Structure formats: structure tokens, C-alpha cells
Amino acid sequence: MVVDLSLSDDIVDLYLDRTDIAFRIGILPDSSLTAHKLGTARRVIVASPDYLARRGVPVDFADLADHDCLGFNFRRTITSWPIADGGRIVERAVRGSLIANNGETVRRMAVAGVGLARLADFHVRDELAEGRLVEVLPGPSAGDTESVHALSVGARELPRRVRAFLDFAVPRLRAFVQGSGG
């Protein structure tokens, strides 16, 4: 057996690209795809200790105007970050000197001290535990969550290779997304 693995943060068309499974974070559009929920990821705003020593620690969301906020260049991404304000979540514009097309690049740039980043907690768990990144503004970013799904074509008659992969991967990914490793 050969596993044909393609990694991309682009939204692929599972039918057109002949892809068995895709992982998506965020709101899913209506489709005929089957979604297997892996969990809910909390988004955190992080920076390296070096960056914070140079630029200061933001104390409230207004302080982000004085910071380099790393972002994403996906069509689905907006140049704002959700923030808790008076019990509701509002989108606040941010600016930065770097945008990238994948979370790994944004994470690495944050660790390198380029700027602040808003990433899924599971994406930066190790760096936070090791002190290479520090969470900032945990109160205002509370409630910033997105669902994580594995998507597949079809529901009833999945090819055996797809069913085998989902049976193996979904429990492990659920544990990872929810924070217990896996």
C-alpha cells in the first residue's frame, strides 16, 4: 500500500482533485461532503519572548496597532482578529509585515520573533510549554474558537482505504485537537 500525501493550506476540491480526505478548520459551507468533527480549536495570540522584549507586551487590543501582527493570505481569511468586547465577539483590524499561506510558516515566524500570531492552540502547544512562545491577551481572545473537521466524499459506501484511514486517524486527531496528545 502507498499513502499519497499532499500538504497544502489551500482549499482543495475533493471531487476535482481526486482527494479522499481533507482537514478543515472553520465554518464549513454546505456541501455533499461528509464531515467528521475532530473537535474545537481555541485560537490564541502568541509571540516570542524576544519579540515581546523588543516591542513590549500588549495589554489590551488597542495596543495591537503598535505591533506586527502576522497573518494569512487565504481568500477566506480576513485581516482582522476576533476579540471579546462587552460579552460579544467583534472583529478588529490588525496589520503586519508578513502574511503567509500556511500555519507552519506563521508559527515559525512567531517563534523567530517576527511578530504576533493568532494560531490554533494545538498548533503552538509545544512552543507554549517550552517557553518559545508566550500567549498574550488571553482574556480578550477568549471565545475565539473554530471547529476542526475531516471531510470525505460520500457517507455510506466509503472506499476501504478511506474507512481504514478515518478509523485510525480520527480518534488520534480528536485527542490531539482537544489537547491530550494522542
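Residues numbered from 1 in each chain as written. Predicted model: local features only at pLDDT ≥ 70, side-chain atom pairs only at ≥ 80, totals over all residues. Heavy atoms only, no water.

Visitor: Is there a simple way to explain the overall build of the protein in this structure?
Guide: Looking only at helices and strands, the protein has 4 helices and 9 strands in total. When the helices and strands of the protein are placed in sequence order, the string is β-β-α-β-β-β-β-α-β-α-β-β-α. When each of the 182 residues of the protein is scored for burial, the buried share is 36%. On the protein, roughly 10,900 Å² of surface is accessible, and the fraction owed to carbon and sulfur atoms is 53%. (Helix = DSSP H or I, 4+ residues; strand = E, 2+ residues; numbered from the N terminus. Buried < 20%, exposed > 50% of the residue type's maximum accessible area, 1.4 Å probe, protein only. Areas by Shrake-Rupley, 256 points an atom, 1.4 Å probe, with all protein chains shown as cover.)

Visitor: Can you help me understand the nonpolar core in this one?
Guide: For soluble globular proteins, the rule of thumb is that nonpolar side chains tend to be buried together. Among the nonpolar cores identified, the biggest contains 14 residues, and Leu52, Phe61, Leu64, Cys69, Trp81, Val94 and Leu116 are the most heavily contacted of them. Phenylalanine 61 has contacts with Trp81, Ile83, Arg92, Val94 and Leu137, leaving out every residue within four places of it along the chain. In this structure, Ala41, Val148, Val162 and Val177 belong to the second largest nonpolar core, which totals 12 residues. (Core = buried A, V, L, I, M, F, W, Y, C linked by side-chain atoms within 4.5 Å. Contact = heavy atoms within 4.5 Å.)

Visitor: I keep staring at the confidence of the model for the protein and nothing clicks. Help me out?
Guide: Should pLDDT be low for a region, the predicted coordinates there are not to be read in detail. On average, the protein scores 84 in pLDDT, and the residues at 70 or more come to 88%. Predicted confidence in the protein is weakest over strand 4 (residues 80-85), with a mean pLDDT of 78, and strongest over helix 1 (residues 49-55), with 98. (pLDDT = per-residue confidence, 0-100.)

Visitor: Which parts of the structure should I look at to understand unusual backbone geometry?
Guide: Peptide bonds are trans in most cases, and residues, glycine excluded, mostly fall at negative phi. For leucine 137, which is not glycine, the phi dihedral falls at a positive 50 degrees. Looking at where leucine 137 falls in the secondary structure, it is placed in the loop between strand 8 (134-136) and strand 9 (145-153).

Visitor: Sorry, what's going on with the pairing of strand 2 (residues 33-47) here?
Guide: Taken residue by residue, a regular strand's side chains alternate between the two faces of the sheet. Among the 15 residues in strand 2, 11 count as buried, and that is most of the element. Here 9 bridges tie strand 2 to strand 9, and the two strands are oriented antiparallel to one another. Considered in strand 9, the bridge of threonine 34 is made with serine 152. Strand direction decides the pairing type here: strand 2 and strand 7 (residues 117-120), joined by 4 bridges, are antiparallel. Within the sheet, the bridge partner assigned to valine 44 lies in strand 7 and is leucine 119. (Pairing = 2+ DSSP bridges.)

Visitor: How should I be thinking about helix 3 (residues 121-130) in this particular structure?
Guide: For helix 3, the set of buried residues is Phe122, Val124 and Glu127. On the buried face of helix 3, the contacting elements are strand 1 (21-25), strand 2, helix 2 (103-111), strand 7, strand 9 and helix 4 (160-178).

Visitor: Hey, could you run me through the packing of helix 2 against helix 3 in this one?
Guide: Packed helices, taken two at a time, are described by the angle between their axes plus the distance between the axes. At a minimum axis distance of 11 Å, the contact between helix 2 and helix 3 shows a crossing angle of 25 degrees. Taken as axis vectors, helix 2 and helix 3 run roughly parallel relative to one another. Along this stretch, helix 2 crosses helix 3, giving a crossing that reads as right-handed. Along its contact with helix 2, which presents Gly103, Glu104, Arg107 and Val111, the element helix 3 presents His123, Val124 and Glu127. Looking at the contact of helix 2 with helix 3 residue by residue, the classes come out as 2 nonpolar, 2 polar and 3 charged. (Axes fitted to C-alpha atoms, helices over the stretch in contact; angles between N-to-C directions. Parallel < 35°, antiparallel > 145°, perpendicular 65-115°, else oblique. Left-handed = near helix turned anticlockwise from the far one by under 90°. Nonpolar A, V, L, I, M, F, W, Y, C, P; charged D, E, K, R; others polar.)

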